[in-house]
Amino acid sequence: MLVLCNSVFSQKKHSFTIILDAGHGGKDPGNTYHGYKEKEIALKTTLKVGEYLEKDRDFKIIYTRTTDVFIDLEKRPKIANKANAKLFVSIHCNSVKNFGPSGTETFVMGLSRSDMNIEVAKNENSVILLEKNYKEKYLGFDPKKPESLIGLKMMQEENLNSSIDLATKIQGNFTKHLNRHSRGVKQQPLWVLDAAYMPSVLIELGFLSNKEEGAFLNSDEGQEKMAKGIAEAIIRYKNEYFGDAKNYSEVSQKSETIISKKTKDTKGDNSNDTVYKVQIAVSPRKLSLVSSNFKGLKNISSMQGDSIYKYMYGETSDISEAKKMEKEAKNKGYSDAFIVQIKDGKSSRVR
């Protein structure tokens, strides 16, 4: 719902740099089933995402590849870091030996013990083995060993909330607008996400091992629809955190409601008054608003939208007091906490 900022950000040309990363390429074909090639589908879909985004003059699009070439895995996030990009979006296709499974899923950096997720991590990280001197470049990291995956350093912790938010928007578009089966937002130790210094997601468009889904993803129509869903989610993310409320979808505004009874009660008849809270976390799960779930912080409220919950600490009409709350939240371990302004039932990030 963060839609109130009329920022100068949107007035600057090409002020939002985004990296679009088409997975695999060249000697690394990725998944190949039923005649469908992941490297081709990923590239075509990625380029279509870029075409949609380029209609908004705020965006500067940088591709890790625009042709069928092999790009070392380590170079992909380096491109993003060098460009000081706002987002890193990597696009792939899934597969399993069983031809039945289908559906989309979007990954953010994290550590999960799900066997299915570990297999995804192995597959996406295994491109490392095609690179020269990979043992030296990746400091002994072995993508085939689960213990090596679990030991991967998580450099993305501060960006995790934003990554989950973007991933949820993407999955929501796939489900609501395209009627694709959603396998959800998941956390996984993926090298390409770990090494990027900004919010990052890896999208699995679907399963090429599923003949029907593979045919959809291999078609121009399927690629157009998936690309549009991704692009619209990215635009909404930009508008929410950096942009202008005028471009934010009315449907989304209506779908987000304050679910904390405390928040409703404290607003009373003064719903037009401005209050400040500190956003500390984003999660696809609904949590009980008790201090034990939030590192001892009390006075927690939440807002729901796009199948995620945003958790807020405190409430005040004084920005100076809000800054103190923000500092307190960070001291408790919420290093990426930030102040939001809430007015007329809408909220925006305070910068």
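Quick caveat: nothing in here was measured; it's all calculated off a predicted structure.

Peer 1: What should I look at first to understand the nonpolar core in this one?
Peer 2: If you look at soluble globular proteins, the nonpolar side chains tend to sit buried side by side. With 44 residues, the main nonpolar core has Leu205 and Ile234 as its most contacted residues. The dominant element in this core, judged by the number of residues it contributes, is helix α9 (residues 220–241), at 8 residues. Per-domain counts for this core show at least three residues from each of domain 1 (16–242) and domain 2 (274–349). Once residues within four sequence positions are removed from consideration, Ile234 is found in contact with Ile18, Val49, Leu53, Phe59, Leu87, Val89 and Leu166. If you look at the next biggest cluster of nonpolar residues, it comprises 16 residues, including Tyr276, Ile280, Leu297 and Tyr309.

Peer 1: I'm lost on the environment of Gly23 in this one. Help?
Peer 2: Along the chain, Gly23 turns up in the loop between β1 (16–22) and β2 (32–33). The exposure class assigned to Gly23 is buried, which follows from its relative accessible area of 0%. In this structure, the C-alpha to C-alpha distance between Gly23 and Val89, residues 66 residues apart in sequence, is 10.0 Å. Gly23 has contacts with Lys39, Ala42, Arg65, Arg76, Ile91 and His92, leaving out every residue within four places of it along the chain.

Peer 1: What should I look at first to understand the pairing of strand β6 (residues 104–109) in this one?
Peer 2: Within a regular strand, the side chains alternate between the two sheet faces. Taken across its 6 residues, β6 has 6 buried, putting it largely inside the fold. Here β6 runs beside strand β7 (residues 182–188); their pairing, made up of 5 bridges, is parallel. Of the residues in β7, the one forming a bridge with Val108 is Gln187. As defined by bridge partners, β6 adjoins strand β8 (residues 200–207) across 3 bridges and the pair is classed as antiparallel.

Peer 1: Would you mind showing me how to read helix α1 (residues 38–53) here?
Peer 2: In an α-helix, one turn spans 3.6 residues; hence positions three or four apart end up facing the same way. The end-to-end C-alpha separation of α1 is 22 Å, in line with the 22 Å expected for 16 residues at 1.5 Å each. All of the buried residues along α1 are Glu38, Lys39, Ile41, Ala42, Leu43, Thr45, Thr46, Lys48, Val49, Gly50 and Leu53.

Peer 1: Explain the packing of helix α6 (residues 160–178) against α9 here, please?
Peer 2: The relative placement of two packed helices comes down to the angle between their axes together with the axis-to-axis distance. Two elements in contact, α6 and α9, have axes whose closest approach is 9 Å; the angle formed by their N-to-C orientations is 135 degrees. As far as their axial angle goes, α9 and α6 are oblique. As α6 packs across α9, the resulting crossing turns out to be right-handed. Residue-level contacts link Ser162, Asp165, Leu166, Lys169, Ile170, Asn173, Phe174 and Leu178 of α6 to Lys225, Met226, Gly229, Ile230, Glu232, Ala233, Ile234, Arg236, Tyr237, Glu240 and Tyr241 of α9. Among the residues forming the contact of α6 with α9, the class breakdown is 10 nonpolar, 3 polar and 6 charged.

Peer 1: What is the right way to look at the side chain of Thr45 in this model?
Peer 2: You can see Thr45 is positioned in helix α1. Overall, the relative accessible area of 0% leaves Thr45 in the buried class. Aside from chain neighbours lying at most four places away, what touches Thr45 is Leu205, Gln223, Met226 and Ala227.

Peer 1: Where do I start with the sheet that holds strand β4 (residues 59–63) in this structure?
Peer 2: Strands belonging to one sheet form pairs held by backbone hydrogen bonds; the direction of such a pair is parallel or antiparallel. Strand order in the open sheet formed by 6 strands is β4-β1-β5-β8-β6-β7, and the pairing between neighbours is mixed. The sheet terminates laterally at β4 and β7, the two strands that pair on one side only. In this sheet, neighbouring strand axes are inclined to one another by 20 degrees on average, regardless of whether the strands run parallel or antiparallel. For β1 and β4, the ladder comprises 5 bridges, and the chain directions are parallel. In the strand pairing of β4, Thr17 is matched with Lys60.

Peer 1: I tried to follow the pairing of strand β5 (residues 87–94) on my own but got confused; where do I start?
Peer 2: In terms of burial, β5 is a largely internal element, 8 of the 8 residues being buried. Of the two faces of β5, the one holding Leu87, Val89, Ile91 and Cys93 and the one holding Phe88, Ser90, His92 and Asn94 are both buried throughout. Strand direction decides the pairing type here: β1 and β5, joined by 5 bridges, are parallel. Bridge pairing in β5 places Asp21 opposite Ser90. Across 6 bridges, β5 lies against β8 in parallel orientation. Bridge assignment links His92 to a residue of β8, and that residue is Glu204.

Cut-off values and rules
- Residues numbered from 1 in each chain as written.
- Predicted model: local features only at pLDDT ≥ 70, side-chain atom pairs only at ≥ 80, totals over all residues.
- Heavy atoms only, no water.
- Core = buried A, V, L, I, M, F, W, Y, C linked by side-chain atoms within 4.5 Å.
- Buried < 20%, exposed > 50% of the residue type's maximum accessible area, 1.4 Å probe, protein only.
- Helix = DSSP H or I, 4+ residues; strand = E, 2+ residues; numbered from the N terminus.
- Domains from an automatic or database assignment.
- Contact = heavy atoms within 4.5 Å.
- Pairing = 2+ DSSP bridges.
- Expected span 1.5 Å × (residues − 1).
- Axes fitted to C-alpha atoms, helices over the stretch in contact; angles between N-to-C directions.
- Parallel < 35°, antiparallel > 145°, perpendicular 65-115°, else oblique.
- Left-handed = near helix turned anticlockwise from the far one by under 90°.
- Nonpolar A, V, L, I, M, F, W, Y, C, P; charged D, E, K, R; others polar.

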